[in-house]
Amino acid sequence: DPLRVSQYAVIKLDCQIAAGLVPERRLIERVQTLTARSSHPMMLVRLARMRTVLALADRQYALAADAARLQMDTAQAAGLLEPLADALLLLACVSSSEEERKRLINEALKLAEKQGFADLAWRARFGLDVAKGSLADLPSPGDPQNQEFHASKAQKRAPWLGHAT
């Protein structure tokens, strides 16, 4: 089932990044291949989200912004409100303007609270304080020391995955 595989791929990628492991980039290729069998908007949204998260992990902010905009546009066109709120938070991560970042976070918060998306509302409430400079202390996906799980690294979650502890 392409929808389940894409959901699994997104979760696996998020967990790898949160744990400080090297993300499996082939997961994107697998989901991309599945979009030929299923053009469901959720597949396209998940593919865009995976591209965004990997670009953020690689500190490629322009690519992350493009992928997050694609997620936002696709989710909005399909009426998928949860991925839309998520895309707004992802766009806030790459916003160069503090005013724009706050606007995106507030828009995501309003949508998440109205729809009852607790995790997204929680992430938005904490403000996702992730100006470009604050990503510098996250473990690099290319770091050979990130090949195994380290609890200390897992405690410092990637900001687009939720509030750091």
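Quick summary incoming for the structure in this document. (Residues numbered from 1 in each chain as written. Predicted model: local features only at pLDDT ≥ 70, side-chain atom pairs only at ≥ 80, totals over all residues. Heavy atoms only, no water.)

## Re unusual backbone geometry
If you check the backbone angles, Arg 59 has positive phi at about 60° while not being a glycine. Within the secondary structure layout, Arg 59 lies in the loop between helix H3 (41-57) and helix H4 (61-78). (Helix = DSSP H or I, 4+ residues; strand = E, 2+ residues; numbered from the N terminus.)

## What about the environment of Leu 47?
By the secondary structure assignment, Leu 47 is in helix H3. It is 9.7 Å that separates the C-alpha atoms of Leu 47 and Gln 7, two residues lying 40 residues apart in sequence. With near-sequence residues (within four places) excluded, Leu 47 lies in contact with Ile 28, Val 31, Gln 32 and Thr 35. (Contact = heavy atoms within 4.5 Å.)

## Quick word on helix H2 (residues 26-34)
Since the α-helix turns once every 3.6 residues, residues separated by three or four places project in the same direction. Those residues of H2 not exposed but buried are Leu 27, Ile 28, Val 31 and Leu 34. Taken around the axis of H2, the buried residues stretch over an arc of 120°, which confines them to a single face. Looking at H2, the residues exposed on the side facing more than 90 degrees away from the buried face are Arg 26, Glu 29 and Thr 33. Each element contacted by the buried residues of H2 is listed here: helix H1 (2-18) and H3. (Buried < 20%, exposed > 50% of the residue type's maximum accessible area, 1.4 Å probe, protein only. Arc of directions from axis to C-beta.)

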